[in-house]
Amino acid sequence: MKRWFVVFLLVFCSLGIAWAEDSGARFSSISGQVDLRPDAGAADAWKSAKMESMLNVDDHVKTGEDSSAIIGFADMSTFLLKNESEIVINTPPTKDSKVHLLSGKIWVNVKKMVKDGEMSVEMSQAVAGIKGTNITCSTSLTEDRIQVLRGIAEVLIKESQEHVSLKEGEELIVKSGGKTEKLEINIQQESDKWKKELSKLGDSIQLNDLPDSIRSIMDNEDRTFKGIQTQHGTLLSANILTDDQIYSFRKDAERFVGVLMEDSVILSSLQLKVDQAIAAGTDPTTAAGYQKQIAESRKIQQNYQTQLVSMSRLSASKNAPSPETDQIRTETAATWETIDGLTRQLQGNPNGMSQDWFADALSQSNDALKRLGEQATRVQAVLDANPTDAAALGLMKQIGGYQTQINTFMRSLNVVTIEAAELTEMDQVEFTLSDSILKLRGLISQYNTTFQGTTKAQDESRLRATLQILNDYGRAKRSYLSAQRRYQAIMQSASGQKYQTAEQTEFKEIFDRISNTFQQLGVAADELSTRLQDLEGQLGHYLK
């Protein structure tokens, strides 16, 4: 038996067959058509990926048209694949994350604080090593593009073996042959291009798993933040700080901001699920408990950001941004995160947010504009003292961009409100019309079976019954026309809105049902009107 087992192993190895090794990566979200195959598989070996699918080392993941996928790695890195993209997962869980981007675009967020470690993305012309937090990569046959949205990246040009450093707000284009071009980018505009896909973070979390999921998120944030606090305390106790020490601390702090950013998206997704559950009739006590957990988590995240402001004041070089500029930058980022969170919520549910939500969003936007104005004033004070301060100049430009975007966003938040009494009245109209159609159907049925004779007395009775039915229809019609006028007035006022409120959606649904009901009444009324004309001709002397 042992001899046969040895023979089997020899044959197995001679054929080059190896056991698949779990990469430790897993799907966090799958939208549309996402396929998976092993590297050794044939071109037709693709199979549909599922949330529970294991991702092995060297597995290929491909997204179709109008599709996307989010993958979480063992080292806490997050990869988001846009539509028509393909990657190969190159690393086991014991090493830093590494993927090979064969085609398309990916968004990457590195969150784990690993000393001297990095995550890398290999493309056709270059390899991007991410030592900060957040980049995007795209590749084609002729060029690669690497954008740094947060932190820094080191790019190796395959053709020339040249190393190029990228900092936040920079993009590197690497063309075939090794030619490179470095550009400045608008971070917010580039980030906005990924909002639709990022809004899917947290989609896989079921409502009944919400408490455990939030607890897991907050436990991880707590552990990470305590690590930053310990590191900060060590630096404060040192007599002299080097630029390398400051750089290392800021890199870890930036990664933690990446954690907070991603977790904030997840909390927004969970909040949306709770709102939808409330609308569907979930137990109010349970829903209130969920809302409380989410609100408390957001407060804790805000506290982390506040503490990071004071921690980020470390400075070891005259060339580094002043502590005041660094503090304002952190506060500005926290201010913008509020607006960014609101826009993600709207993108995830553009026609389902309540009037109260829009009113609250306007209030938060006004507050954000006020804070940005105060921050701009403080930056100007720094510039008055040092007009050539590059960091302050860049921050002032960024604040101006945020103010412009918030003003545009606020215009989209202006919605026509519908009073609760208006919805109640429309509900009553719907009930009245539904009741009317039942009565009319009964009367018409009775009419058709009772008045079958041809005598003058029977014709007179039929005429009175017809007039009674049409009189009832007239009242129903007046009720419908009144509802129609209210509906048209409100919808005409709301025609210029970018978003539709949940109340407007409900209002429209009620009126659609009213219209359908009234059409049914109209069919019966038209038939009776024809009969009435015949009867009037037959009984003209009776009507005089």
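Residues numbered from 1 in each chain as written. Predicted model: local features only at pLDDT ≥ 70, side-chain atom pairs only at ≥ 80, totals over all residues. Heavy atoms only, no water.

J.: Help me understand the overall build of the chain in this model?
T.: Within the chain, the regular secondary structure consists of 13 helices and 17 strands. Residues classed as buried in the chain amount to 46% of the 544 residues present. Considering only contacts within the chain whose residues lie at least 6 apart along the sequence, 63% involve residues at least 24 apart. Just so you have it, the chain exposes about 27900 Å², and 52% of that area is on carbon and sulfur atoms. (Helix = DSSP H or I, 4+ residues; strand = E, 2+ residues; numbered from the N terminus. Buried < 20%, exposed > 50% of the residue type's maximum accessible area, 1.4 Å probe, protein only. Contact = heavy atoms within 4.5 Å. Areas by Shrake-Rupley, 256 points an atom, 1.4 Å probe, with all protein chains shown as cover.)

J.: Where do I start with the packing of aromatic side chains in this structure?
T.: Tallied over the entire structure, the rule returns nine aromatic pairs. By the ring-pair criterion, three or more aromatic residues cluster together here, those being F225, F256 and Y304. Of note, K62 hangs over the ring of W46, and the distance from its end group to the ring centre comes to 4.2 Å. Its guanidinium or amino end placed over the ring of W194, K82 lies 4.9 Å from that ring's centre, counting from NZ or CZ. (Phe/Tyr/Trp six-rings, centres within 6.5 Å; stacked < 30°, edge-to-face > 60°. Lys NZ or Arg CZ within 6 Å of the ring centre and 35° of its normal.)

J.: Please clarify how the environment of Q428 should be interpreted in this entry.
T.: Note that Q428 resides in helix α10 (residues 420-450). In this structure, the C-alpha to C-alpha distance between Q428 and S479, residues 51 residues apart in sequence, is 10.0 Å.

J.: Got a minute to help me understand the pattern of salt bridges in this structure?
T.: Pairing between side chains of opposite charge can happen when the charged atoms of each approach one another. For the structure on display, the rule yields 21 salt bridges. A salt bridge links K158 to E122; the shortest N-O distance between them is 2.9 Å. Taken together, the residues K158 in the loop between β14 (152-157) and β15 (163-167) and E122 in strand β10 (residues 119-122) connect sequence positions 36 residues apart. Note on E122: relative accessible area 22%, which makes it partly exposed. K175 is the partner of E143 in a salt bridge, and the nearest nitrogen-oxygen pair spans 2.8 Å. Of this pair, E143 sits in strand β13 (residues 143-150) while K175 sits in strand β16 (residues 170-175); the two residues are 32 residues apart in sequence, bridging distant segments of the chain. With a relative accessible area of 17%, E143 lands in the buried category. What makes K175 partly exposed here is its relative accessible area of 34%. (Salt bridge = Lys/Arg side-chain N within 4 Å of Asp/Glu carboxyl O.)

J.: Looking at this structure, I do not really get the nonpolar core. What am I missing?
T.: Across soluble globular proteins, nonpolar side chains show a tendency to be buried alongside one another. Counting residues in hydrophobic clusters, the biggest one holds 36 residues, and the most contacted among them are V61, I106 and V121. Take this core: its biggest share by element is four residues, from strand β9 (residues 98-109). Leave out the neighbours within four places in its chain, and I106 touches F79, L80, L81, I87, V99, L101, V121, I135, T136, C137 and W194. By size, the runner-up hydrophobic cluster in this structure holds 27 residues, among which are L342, L346, L372 and A392. (Core = buried A, V, L, I, M, F, W, Y, C linked by side-chain atoms within 4.5 Å.)

J.: Please clarify how the layout of surface pockets should be interpreted in this entry.
T.: In this approach the atoms are scanned with a rolling probe the size of a water molecule, which exposes any empty space left behind. A volume near 650 Å³ is recorded for the second largest pocket. Lining the second largest pocket are 28 residues, with R298, Q302, E337, T338 and Q364 sitting closest to its centre. For the lining of the second largest pocket, the secondary structure elements donating two or more residues are α5 (243-279), α6 (284-311), α7 (323-348) and α8 (355-385). Among the elements that line the lining of the second largest pocket, the one with the most residues is α6, at 10 residues. (1 Å grid on protein atoms, 1.4 Å probe; cavity = no way out; pocket = protein on both sides within 12 Å on 5 of 7 lines; lining within 4 Å. Points joined across faces, edges and corners; volume = space filled by probe spheres on them.)

J.: So what exactly am I meant to see when it comes to the packing of α7 against α8 here?
T.: Between two packed helices, both the angle of their axes relative to each other and the distance between the axes serve to describe the pair. Interaxial distance between α7 and α8 falls to 10 Å at its minimum, and their mutual angle equals 160 degrees. By the angle between their axes, α7 is roughly antiparallel relative to α8. When the axes of α7 and α8 are compared, the crossing they make is left-handed. In this structure, α7 contributes E324, T325, Q327, I328, E331, T332, T335, T338, I339, L342, Q345 and L346 to the contact, and α8 contributes W357, F358, A361, Q364, S365, A368, R371, L372, Q375, R378, V379 and V382. (Axes fitted to C-alpha atoms, helices over the stretch in contact; angles between N-to-C directions. Parallel < 35°, antiparallel > 145°, perpendicular 65-115°, else oblique. Left-handed = near helix turned anticlockwise from the far one by under 90°.)

J.: Help me understand helix α4 (residues 210-237) in this model?
T.: Residues that lie three or four places apart on an α-helix share one face, since the helix turns once every 3.6 residues. Taking 1.5 Å of rise per residue, the 28 residues of α4 would be expected to cover 40 Å, and the 41 Å separating its terminal C-alpha atoms lies within 8% of that figure. Among the residues making up α4, those that are buried are L210, S213, I214, I217, M218, N220, E221, T224, F225, I228, H232 and L235. (Expected span 1.5 Å × (residues − 1).)

J.: Where do I start with the pairing of strand β17 (residues 180-184) in this structure?
T.: Two faces make up the sheet, and in a regular strand the side chains alternate between them. The pairing of β16 with β17 spans five bridges and is antiparallel. Looking across to β17, one finds that E171 is bridged to L183. (Pairing = 2+ DSSP bridges.)

J.: Explanation requested: unusual backbone geometry in the structure shown.
T.: Negative phi is the rule for most residues except glycine; trans is the rule for most peptide bonds. Backbone geometry at E84 places phi at a positive 55 degrees, although glycine is not the residue there. Considering the arrangement of structural elements, one finds E84 in the loop between β7 (78-81) and β8 (86-89). E84 sits in the exposed class, given a relative accessible area of 51%.

J.: How should the environment of Q188 be read in this particular structure?
T.: Mapped onto the elements of the fold, Q188 is located in helix α2 (residues 187-192). Residue Q188 is classed as buried on the basis of its relative accessible area of 8%. Taking C-alpha positions, Q188 is 8.7 Å from G401, a pair spaced 213 residues apart along the chain. Setting aside anything within four residues of it in sequence, one finds Q188 in contact with K195, W336, D340, Y402 and Q405.

J.: I'm lost on the pairing of β16 in this one. Help?
T.: Judged by how many residues are buried, β16 sits mostly within the fold: five of six residues are covered. Bridge analysis of β13 against β16 gives five bridges, and the strand direction is antiparallel. Counterpart to I146 in the pairing with β16 is L172. Counted along the chain from β16 to the antiparallel partner β17, the turn is four residues long, and its residue G177 has a positive phi close to 95 degrees.

J.: How should I be thinking about the confidence of the model for the chain in this particular structure?
T.: Confidence along the chain averages 80 in pLDDT terms, with 79% of residues attaining 70 or more. Note that residues 4-18 has pLDDT below 50 and, in this model, three contacts with residues that lie over four places away or in other chains. (pLDDT = per-residue confidence, 0-100.)

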